[in-house]
Amino acid sequence: MYLEMKHITKSFGDFSVSRDVNFSVEKGELAALLGPSGCGKTTILRMIAGIEHPDSGDILIGGKRVNDIPASERRIGFVFQNYALFRYMTVYDNIAFGLQVRKIPHSAVRARVNELIALTGLDGLEKRYPNELSGGQKQRVAFARAIAPEPDLLLLDEPFTAIDAKIRKELRQWLRDMIHRVGITSIFVTHDQNEAVEVADRIIVTNKGSVEQEGGASDIYRLPRTAFVSEFIGEPVIVEDFGRLKGFEKGNYERAIIRPEFVEAFKSDNEHFRDMLPFSQNGIIRDITFKGNAYELHLSVNGTELICHRSPERRAIYVGEEMNVIVYRLFAIKGNQAMLMQNKNFMEKDPDGINLEKYLYAEGGYYVE
Amino acid sequence: MGMSDNKKRNITRLIMIAVSTLFVAVMLVMPLFMVIINALRKGISFYLKAISTPTVISAFKVTLIATVITLIVNTFFGITASILLTRYSFRGKHILQTLLDIPFSISPVIAGLSFIMLFGRMGWAAPALNAINEMLGLNIRIVFAIPGVVLATIFVTFPFVSREIIPVLNAVGSDEEEAASLMGADIFTIFRKITFPHMKWALFYGMVLTTARALGEFGAVNALSKTRGETFTLPLEIDALYLSGSADSIVAAFAVSSVLVLCTIVILILRCIVEGKSKMNASDRDKTGKLSEGIGYVP
Ligand SMILES: Nc1ncnc2c1ncn2[C@@H]1O[C@H](COP(=O)(O)OP(=O)(O)OP(=O)(O)O)[C@@H](O)[C@H]1O
Ligand SMILES: [Mg+2]
């Protein structure tokens, strides 16, 4: 474990921001600290950096307790939420700053800065001031500035929020590549689950000052363990009375989370789904939204509202039409526990999972835990 | 019905412009103009003689000393206080913030009198002052002496610099400083390379205001300065000349006043330049316009 947070607590006055926070990040990993706004993510990052100090608990970097090591000696690079570029310095001076204050010889500073400018594709912008840069360029400068002194750990606070939605996606990929190329252990903060799933190797989900779940990005997505995580990640639809859905019994669960990809809807004359017909029940299309690469269907099934996606390549359908609907699985919630529950008709009548494999998930799908 | 909204708005605007122009002309420009006219009423050579009598020269010197020392002390104090109040949190911060504004809310005469109460012969601090004088074989006096004049001037002008800087520092935030300190920069480097460039125009503006006020301070200094030709500042000298009542001395009073007015005009011009610069600077370096908000602030 490269970074370990052990039983960290922190309050501002009588407001408790971190309550027994525990998580760890491996060397070379790109981890996301994911949670809703105001849940204390920035505070956690600032405590790792040493700008803020925990009330209790240990922060270990490379096996060494760093609580009492001043921020400037922790060898940490920090990309601030709004970049905090030095407004009165050029791009070159911004990147060089961290090297210059360390009294590194002139020629070495120049070599390193030029190397970073080339790496981040900022050639030709050396003499510009931050206000003369686009959002994406600013982010690159912030990144170059943070890694210039070759830190052991890179912390990024919401690195994409200050950027237009349009180029955000592109920059996510850029940052991910860049971090992997440089090979630096990194943690970035985000409240956008898509961003976390897309960029991070590992996700740490936080809520109200504590860690809900941590794990690989796909594990977190596929198997949320708590009510909070299952409602926060993916496109959750909350269904109270899920016993009305064919193949499920509510038992003593309180409600269910059903993602669009758990739902299949087809016309009764669809040859392709003929074997599945007995497992399905009727649903009426209430609404159709075009999303570009898919249609989002709102279905009313036996009094419950479900959402599913449909490829635009498939046959045209219309509001008010009747569909055959199957829910493959859902997350059943009890207290703060989330349980993956499979459609029991499939489990009983299709023990080999032939239909599942054929129609929806290949090997390594949801059945494999 | 009748006038359109647009027309109404135009008329309102015209009326407002007329009222404020009239006000400025009657209350500010005319009096200053009268000072110049009166100063030159007895001719240039009288004017020159009037502004070079020994008491006037002495008043020049005292004013200069008080202004320079005040400027140095208050610049230093203003920068320190602003950084303390915007970058650190501590117990009693609000109280300190409120205390800083005392010179604005208290009459300068009262400030002067309170110095007499403190440092005068019967004052609280008198025994300490006497002890120091005895020990070092000195004869430092504060009340009715130049140190008192300087103290009074410092007192009435001390919030000016911090008043200008604090809004600017609040607007830019401490992110850049935090980033720099995280990279291992010491506080002097941070101040020199980051904080100072942000606040330099506001600082300069505050210094201009301090100078203007220090040159013209009357009430507080009046309470602490009683010897014409030794501890009188220009405003006190002008007052003395005017009160002595002869036709000549009244013209002389205007002559000396005109010098102060001239200084004020120079300062006003400086102020305009600084304001222009800081605005330009703000839009030049910060498109969010945060900075200009701070700098546009006038107490
Ligand atoms: N210096 C402080 N003093 C008092 N309260 C603070 C301080 N810093 C943060 N807080 C509070 O702590 C809570 C967590 O703040 P933090 O900035 O860590 O949240 P966050 O998860 O980063 O939120 P966001 O996603 O909006 O950036 C917030 O309610 C905030 O108001
Ligand atoms: Mg934050």
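Report on the accompanying structure.

Procedures and definitions
Residues numbered from 1 in each chain as written. Chains lettered and ligands numbered in written order. Predicted model: local features only at pLDDT ≥ 70, side-chain atom pairs only at ≥ 80, totals over all residues. Heavy atoms only, no water. Helix = DSSP H or I, 4+ residues; strand = E, 2+ residues; numbered from the N terminus. Buried < 20%, exposed > 50% of the residue type's maximum accessible area, 1.4 Å probe, protein only. Contact = heavy atoms within 4.5 Å. Areas by Shrake-Rupley, 256 points an atom, 1.4 Å probe, with all protein chains shown as cover. Lys, Arg positive; Asp, Glu negative; His and termini not counted. Charge placed at Lys NZ, Arg CZ, Asp CG, Glu CD. Axes fitted to C-alpha atoms, helices over the stretch in contact; angles between N-to-C directions. Parallel < 35°, antiparallel > 145°, perpendicular 65-115°, else oblique. Left-handed = near helix turned anticlockwise from the far one by under 90°. Nonpolar A, V, L, I, M, F, W, Y, C, P; charged D, E, K, R; others polar. Near = heavy atom within 4 Å. Polar contact = N/O pair within 3.5 Å; in protein donor to acceptor, adjacent residues only side chain to side chain. Buried area = accessible area lost by both parts, 1.4 Å probe. Salt bridge = Lys/Arg side-chain N within 4 Å of Asp/Glu carboxyl O. 1 Å grid on protein atoms, 1.4 Å probe; cavity = no way out; pocket = protein on both sides within 12 Å on 5 of 7 lines; lining within 4 Å. Points joined across faces, edges and corners; volume = space filled by probe spheres on them.

## Quick word on the overall build of chain A
Part 1 of the argument: Within chain A, the secondary structure is distributed over 10 helices and 19 strands.
Part 2 of the argument: For the C-alpha atoms alone, the extent of chain A along its principal axes is close to 75 × 45 × 35 Å.
Part 3 of the argument: Counting across all 369 residues of chain A, residues that qualify as buried make up 54%.
Part 4 of the argument: Considering only contacts in chain A between residues 6 or more positions apart, those separated by 24 or more positions represent 66%.
Part 5 of the argument: As displayed, chain A offers around 16,500 Å² of accessible surface, 48% of which is attributable to carbon and sulfur atoms.
Part 6 of the argument: Charge separation in chain A, taken as the distance between the mean sites of 47 positive and 52 negative side-chain charges, equals 4 Å.

## Quick notes on the packing of helix α6 (residues 108–119) of chain B against helix α8 (residues 146–157) of chain B
Residues and elements named next belong to chain B.
Part 1 of the argument: The N-to-C vectors of α6 and α8 enclose an angle of 135°; their axes lie 10 Å apart at closest approach. Classified by the angle between their axes, α6 and α8 sit oblique to one another. Relative to α8, the crossing made by α6 is right-handed. Contacts from Pro-108, Ala-111, Phe-115 and Phe-119 in α6 reach Leu-151, Ala-152, Phe-155 and Val-156 in α8.
Part 2 of the argument: Among the residues forming the contact of α6 with α8, the class breakdown is eight nonpolar, no polar and no charged.

## Some words on the site of ligand 1
Residue and element names in this part refer to chain A.
Part 1 of the argument: As a structural note, the neighbourhood of ligand 1 is formed by 13 residues, with Ser-37, Gly-38, Lys-41, Thr-42 and Thr-43 the closest of them.
Part 2 of the argument: A distance of 2.9 Å is found between an oxygen atom of ligand 1 and a backbone nitrogen or oxygen belonging to Gly-40.
Part 3 of the argument: Summarising the interface, the protein chains cover 61% of the accessible area of ligand 1, which totals 640 Å² for the free molecule.
Part 4 of the argument: Secondary-structure elements contributing two or more residues to the shell around ligand 1 are β2 (15–25) and α1 (41–49).
Part 5 of the argument: Residue contributions to the shell around ligand 1 peak at three residues, all from α1.
Part 6 of the argument: Looking at the shell around ligand 1 residue by residue, the class counts come to four nonpolar, seven polar and two charged.

## Re the interface of chain A and chain B
Part 1 of the argument: Opposite the 22 residues of chain A that make contact, chain B presents 23 residues.
Part 2 of the argument: Summing both partners gives a buried area of about 2,200 Å² for chain A against chain B, and 58% of it is carried by carbon and sulfur.
Part 3 of the argument: Of all residues in chain A, Arg-87, Tyr-88 and Asn-131 of chain A bury the most surface against chain B, accounting for 39% of the area lost on that side.
Part 4 of the argument: Glu-178 of chain B serves as the salt-bridge partner of Arg-46 of chain A, at 3.0 Å between the closest nitrogen and oxygen.
Part 5 of the argument: Linking chain A to chain B there are five residue pairs in polar contact (both at pLDDT 80 or more).

## Examining empty space enclosed by the protein
Part 1 of the argument: Using the criterion set out here, one finds two cavities of 30 Å³ or more in the structure.
Part 2 of the argument: Approximately 130 Å³ is the volume found for the largest cavity.
Part 3 of the argument: Lining the largest cavity we find 14 residues, and of these Ile-76, Gly-77 and Pro-149 of chain A together with Leu-182 and Met-183 of chain B sit closest to its centre.
Part 4 of the argument: Mapped onto the lining of the largest cavity, the elements with two or more residues apiece are β6 (76–79) and α4 (135–147) of chain A together with α10 (175–182) of chain B.
Part 5 of the argument: Residue composition of the lining of the largest cavity, by class: nine nonpolar, two polar and three charged.

By themselves, these are just geometric observations and shouldn't be taken as functional.
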